[in-house]
Amino acid sequence: MNPFEAFRSYSAAQRELPLDRILARRDAVLQRLLQSYQALIEEESKQLIWVVEQGALSRAYTTAVEALQGVDFTVEDLEDMCLELDANDGFTASMGPPSGLFIAAMCNHVPANDISLNLHLFRRRWPFLGYRLPRGRRLYLDGDAGDFVGALLEGGDVEVTGNAGNYAGIGMKTGTVQIGYSTGKYTGEGMRGGTLRVGGRIAALGRVKQGDIYEGNLQVFPAKNPEPPTVKPLAGTARHK
Amino acid sequence: MVVQNCRDKIRDLYTFISEQLYFNRPDVSVQGESANATLLLSLFTALIGGKALIIGEPGLGKTTAAEYICSLLYCLPLGVIWSGEVSGHPEQTEEKIVGRPNLGKLNQGEEVVVWSTFARLPVKIVDEINRLPETKQSLILDGLERGKWEYLNQGLINDEFCLFATANYQDQGTNTLVPPLLDRFDVVVESKHPGANIACLIGQSTARDTLLRHPESEGAFLEALQSTRNGQKIADLEPLHQSFAKAMRERCGLVMLSRAERQAVRQEMAALTMTLEANALLRMVLAELSFCCKYGQKRSSEGCDEGCHYTGYLCYEVRNCASNRLPGSVYRYAQALAWWCGSPHVDVEHIRAILPYALAHRAQWRESYLLAREHERRQEPLLLHAARHAAAAVFQRFYEQRHDILASLSAAARLLDGADLPPPQGDHPLYSEIRRDLGLEQA
């Protein structure tokens, strides 16, 4: 007598663990994002220079957006891509690695309105985080951001819990940039609208056109009191154009 | 098609009883269909010829539920059911339960037994069984097990019978039901209070007592049953059943089952096989309720040591060993449930639904286990609640390990035939049982 006879015909189907499926999908998305980034690098390396010049930035951003077309990714994939770029991206141009612009393009196209990145996890300080962030999106950056944070902001909300580098809020049109501690030089350079709040100190304001800038509770642009603001614009900022 | 018609008829009977005779709330749900467990399991008991113990507070419809179901399923007027009932009380005797000598014949030097209506009828109801003293409970053990009754040197065998026994909760007039008697019951159910609103309706309903009465048929039945006292061959009761069925059809619009239809239903149920998963689940349950790593198996006289590796399993929480009647009860009632639901197989859900009712009266839990359950929020008596808790725990383990368990059982089937495979390994007692069957571990 075989008491297990009924089970002889049982064949264990290939068991698929949900985690395996999740990891496989994650790997596939990450591969596609890396391919998109590689396409951006190849395109930009042809230009030989990578400077803060409106045309160059706009072109690079457009290339990044085009490279992301058809890639279905989530905020979690965005975090994974940041980790990947932080560990392996060796490409650096004169304005820093274009990976920052690529991350900004991802933030602007990920299907989520609230995006949070823990910058403490990364060694790099990417520039251009929050670049052209559109209205309705909120980018929460926990840690210290690099240069050009919130550049050309298009109505979104950028919040940095730590410090920001130079050119914070450069050319921002509308929206809010909030920096927890201090910003570097040329803060609000070319700013045309929106609100820039700095919780700590502003090293130096840039040539601000329009918008509101606060240093702590004090509005430093446009200055509300008749006395000259404690933070003065640096002379000769044009050389940075 | 015939059986499909029978299912419809039986469902109609269930609806009729629940709407006209036995009012209560649904308290069990299987495959999206809710029902009253007492009514449903009593219906299955009557259908498959099982044995049900109905417990509950006095006056909550334990006996009447059984009477209504038996009357409608076996096509017997209520008066006949009543005359065949046995009451449990200390002065009860074998002569009143089983049969007595025919005194007239005895005077002539001839031993002829006059069998009781209880012994003769296919429907057996023992009211307040726990008022029978323990010594007298053994009088009915054999009869309840096999439908085999003996008196003097004569015997009577019921080829079709079902048993219902009712029991109140412990009071000064009750006795403990001995484990061998308890084990003979397939399931235990509680006839619950229906709630204030439904109870109020019961008080206003007067037709319930007369709906299944039919004095004309009752007289004919009793006369036919008594006619055998004089040594005559038992009268053919089928015309009487048909006559009662006709009366009920005219009175209530109910179509009752014939004996042939009951048997067809029984065969259809018995033909339902278990899925491999259900089979594995049942094995897991039995392993947990019978396994002991130290003493080979559970024995009610031996306790578990503290710190045993298998402390997390039911073998640690239970004191006695699962009897071989347990899998039979679970299987037969799960078949009935699967048939009721129209399922082609007995699957895990059917086993899971039946298990607490088949286990509750059989398991003797450790005191600590019962104490932990006693004050938990529940809708059932403690013994049913504890069994349901235990069944849920095993099901949880089964759900987590089912692929490995099934693969191990499959490997065991091939290993036993000499295949060269690694022996099944795992933490559950069932793996140990498999290794014992494969001769890899000492039993």
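Please read all numbers here as calculations on a predicted model, not as lab measurements.

### A short note on the overall build of chain B
Here is step 1: Helix and strand counts for chain B stand at 22 helices and 13 strands.
Here is step 2: When each of the 443 residues of chain B is scored for burial, the buried share is 43%.
Here is step 3: Counting only contacts in chain B whose residues sit at least 6 apart along the sequence, the fraction spanning at least 24 positions is 72%.

### Quick notes on the interface of chain B and chain A
Here is step 1: The partner chain A presents 10 residues to the 12 residues of chain B that form the contact.
Here is step 2: The element contributing the most residues to the side of chain B that touches chain A is helix 21 (residues 382-415) of chain B, with eight residues.
Here is step 3: Here the side of chain B that touches chain A is built from residues that sort into seven nonpolar, three polar and two charged.

### Quick word on the sheet that holds strand 7 (residues 218-221) of chain A
Residue and element names in this part refer to chain A.
Here is step 1: Here we have seven strands laid out as an open sheet, ordered 1-2-3-4-5-6-7, and mixed in their pairing. Here the strands that pair on one side only, and so sit at the sheet edges, are strand 1 (114-118) and strand 7. Strand-to-strand twist in this sheet, taken as the mean axis angle between neighbours without regard to direction, amounts to 15°.
Here is step 2: When strand 6 (residues 210-215) meets strand 7, the two strands line up antiparallel, connected through three bridges. Across the sheet, Tyr 214 pairs through a bridge with Gln 219, a residue of strand 7.

### Considerations on the sheet that holds strand 10 (residues 162-167) of chain B
By way of backbone hydrogen bonds, the strands of a sheet pair with one another, either parallel or antiparallel.
Residues and elements named next belong to chain B.
Here is step 1: If you walk across this open sheet you meet the five strands as 4-7-10-3-11, and the pairing is parallel. The open sheet has two free edges, formed respectively by strand 4 (86-87) and strand 11 (187-190), since each of these has just one partner strand.
Here is step 2: Both strand 3 (residues 51-55) and strand 11 contribute to a ladder of four bridges, which runs parallel. The residue bridging Leu 53 from the neighbouring strand is Val 188, located in strand 11.

### Structural notes on the confidence of the model for chain B
Low pLDDT marks stretches whose predicted atomic positions should not be read closely.
Here is step 1: Looking at chain B, pLDDT values average 91 and 97% of them are 70 or higher.
Here is step 2: Here the predicted complex carries an ipTM of 0.85, next to a pTM of 0.69.

### Structural notes on the packing of helix 16 (residues 276-290) of chain B against helix 22 (residues 429-437) of chain B
All names here are of chain B.
Here is step 1: One way to put it is that helix 16 packs onto helix 22 with a least axis distance of 8 Å and a crossing angle of 90°. Viewed along their axes, helix 16 and helix 22 adopt a mutual orientation that is roughly perpendicular. On helix 22, the residues touching Arg 283, Met 284, Ala 287 and Glu 288 of helix 16 are Pro 429, Leu 430 and Glu 433.
Here is step 2: Among the residues forming the contact of helix 16 with helix 22, the class breakdown is four nonpolar, no polar and three charged.

### Describing the nonpolar core
Here is step 1: Ranked by internal contacts, the top residues of the largest apolar core, which has 133 residues, are Ile 69, Cys 70, Val 330, Tyr 333, Ile 351 and Ile 354 of chain B.
Here is step 2: Top contributing element to this core by residue count: helix 21 of chain B, with 13 residues.
Here is step 3: Each residue touching Ile 69 of chain B, except ones within four places of it in the same chain, is listed here: Ile 17, Ser 42, Leu 43 and Ala 46 of chain B.
Here is step 4: Counting 57 residues, the second-largest nonpolar core is a separate cluster that includes Ala 64, Trp 126, Leu 139 and Val 160 of chain A.

Cut-offs used in this document
Residues numbered from 1 in each chain as written. Chains lettered and ligands numbered in written order. Predicted model: local features only at pLDDT ≥ 70, side-chain atom pairs only at ≥ 80, totals over all residues. Helix = DSSP H or I, 4+ residues; strand = E, 2+ residues; numbered from the N terminus. Buried ≥ 20, exposed ≤ 12 C-beta atoms within 10 Å, placed from the backbone. Contact = placed C-beta atoms within 7 Å. Nonpolar A, V, L, I, M, F, W, Y, C, P; charged D, E, K, R; others polar. Pairing = 2+ DSSP bridges. Axes fitted to C-alpha atoms, helices over the stretch in contact; angles between N-to-C directions. pLDDT = per-residue confidence, 0-100. Parallel < 35°, antiparallel > 145°, perpendicular 65-115°, else oblique. Core = buried A, V, L, I, M, F, W, Y, C linked by C-beta atoms within 7 Å.

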